[in-house]
Amino acid sequence: MKGCLRKYKYIIFPLVLMLLSITPLCSQNKTLGYQNNGKYAIGFKSFWLIDHSRSFIYKNSRSSRPLLVNVWYPSINDKTKNRMTNADYLKIPKSGEIASELPEDYKHYNLEILAYQLFGKSLGKFSPKEKILLDEFLQLEHPIKRNSKAIKSKFPLIIYHQGFEASFEDNSVLAYFLASHGYVVVGSSFFGDKSLSVDGRFQSLEDIKFLKNYASKHLNIDTTKIAFIGHSGGAQASILAKSNTDNTIKAVIALETTQELFGISDSRWEDFTKPVIQNLPNMNSAILAFSNHLAVFHLYDLMTLAERIYITFPNSLNHNEYISQGIYANAIKNRLLSGGNKNLTDFLTVDNDAKNYLKVNNFILNFLEWKLNKDSVSENSFQETSYTLPIDYAYELITTVPKGTNEPKAYQFDPNKPIQPRQVWYLARTTDIDYLISILSYYYSKDVENPIYHDLFGFSLISELIEENKLQNAQRFLDFYKKRKIPIIQRFLSISKFSLMMNKPDYSQRCLLNLLTIDPENIQVKKAIQSIGAINEKE
């Protein structure tokens, strides 16, 4: 989740509060989800459950753990009900079993999250124009009827987990898209131990287990067809939950955990990667993983008991554009830049990232149809693709990894088929380094936009080689990037600086110390290490 929301303030301007208290009788605005929904009408309900086996501390008061449960489901179309708006999601229900102020506090918390996600700033810093645009977003209508009657059939269950510092409805378009195609989608608040922010670790795993058990007993679901979906930290939580659960889970879909770009030795993700590696025997369900073209999927390659599909998209589809709120954020940005009088939704229909987002949703649906409903036609959506010169990076790359495999298909040099990042990652530790460098040199003259020449890919590869003590190979790759003026040293320095900002001083220093093992005379790096040491001493 983009943005670092540390605290939230109860600063809500009057018009926003008014919009949260009413539902428009009619709206001409149509949103992303109208473009490819299925045959079912869509219902939505929201309610609180209490897990009495766990505690929750809120405002210094201890109670049993509350879970806000949100359910999108196939329903009977009720023409007497109004369609839901984005504002309606923030009408948090009350319950006599929770602290009286919790629903209102959580509404305000989610509004602040929305402000950061959509505008990159807190509500209190909004300009008059931004306030109007937020109001327009909140009025956007969706083809959903709140509390409409559920169809009495058994449908597959999807448990969706949002990312860190995300609002619970961050990917609502995907949720109701799946519901329209015959799935029950359950999301939740996933609180931390003592806060309203998303936990993403132990409490989330217990929440997922609790939600699964509740849904199995009280919702119209087929308990033989259950899948997890998550984005960012929620994708990490979904994988952790699978590694920590029984075999009733048939599929896991990860919308860019952010770890896909790095090796398993990168300690920034060790609270995610280590538990998964320890529980690899449990990773035996089909996996669909999304990321950008720089991804190497090192962790996923270890999951040899699972059939895996990797889909990488252009870098233009950034991390938050795998969820519907990220697409709305783009539309808002373009609307602000235009200065015209167009509606917000006018910017959704022409946006390439919006089209790619809908494509991601269709991949998800086809994967679920294939793995949960045994639809062989949907399997055809996952035919493997490869780069061909000239590479068109506007299109996704699909890689299929069968059970029992922990490496890419053998690479054979072809002047018209450039090597891929995952192939370089594997060959860098298993083949003659001179041969591999010659291949990289050849393709560099053909297409410098290939992800293997990106400084972030270089950082990831070199760092992993150093951690594996393959120092000669790491040295050769460092020389390769420096010779072509690819800013590899600057990437090491920037990641070190960012890690320090994110309160990870040990990693900040370690990545530069690693670099010094193969570039010992680099004065800039030495100065940066000294600076980190001085900061650590002050603390």
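Our structure's up above, just so we're on the same page.
The following paragraphs examine the structure supplied in this document. (Residues numbered from 1 in each chain as written. Predicted model: local features only at pLDDT ≥ 70, side-chain atom pairs only at ≥ 80, totals over all residues. Heavy atoms only, no water.)

1. Quick look at the packing of helix H14 (residues 433-444) against helix H16 (residues 471-483)
Move 1: Where H14 meets H16, the axes come as close as 11 Å, and the angle between the chain directions of the two elements is 20 degrees. When the interaxial angle is binned, H14 and H16 end up roughly parallel. Note on packing geometry: the crossing formed by H14 with H16 is right-handed. Side by side, H14 and H16 meet where Ile433, Asp434, Leu436, Ile437, Leu440 and Ser441 of the first sit next to Asn473, Arg476, Phe477 and Phe480 of the second.
Move 2: The residue inventory of the contact of H14 with H16, partitioned by class, reads 6 nonpolar, 2 polar and 2 charged. (Axes fitted to C-alpha atoms, helices over the stretch in contact; angles between N-to-C directions. Helix = DSSP H or I, 4+ residues; strand = E, 2+ residues; numbered from the N terminus. Parallel < 35°, antiparallel > 145°, perpendicular 65-115°, else oblique. Left-handed = near helix turned anticlockwise from the far one by under 90°. Contact = heavy atoms within 4.5 Å. Nonpolar A, V, L, I, M, F, W, Y, C, P; charged D, E, K, R; others polar.)

2. Quick notes on the pattern of salt bridges
Move 1: Considering all chains together, one arrives at 22 salt bridges under this definition.
Move 2: Linking Arg65 and Asp207 is a salt bridge whose minimum nitrogen-to-oxygen distance equals 2.8 Å. Highlighted residues: Arg65 in strand E2 (residues 61-75) and Asp207 in helix H6 (residues 202-218), separated in sequence by 142 residues. Exposure class is identical for Arg65 and Asp207. Each is buried.
Move 3: With a shortest N-O distance of 3.2 Å, Lys359 and Glu396 are connected by a salt bridge. One end of the pair, Lys359, is in helix H11 (residues 352-371); the other, Glu396, is in the loop between helix H12 (376-379) and strand E11 (397-401), with 37 residues separating them in the sequence.
Move 4: Judged by its relative accessible area of 27%, Lys359 is partly exposed.
Move 5: The structure contains a network of salt bridges with shared partners spanning Asp51, Arg54, Arg65 and Asp207. (Salt bridge = Lys/Arg side-chain N within 4 Å of Asp/Glu carboxyl O. Buried < 20%, exposed > 50% of the residue type's maximum accessible area, 1.4 Å probe, protein only.)

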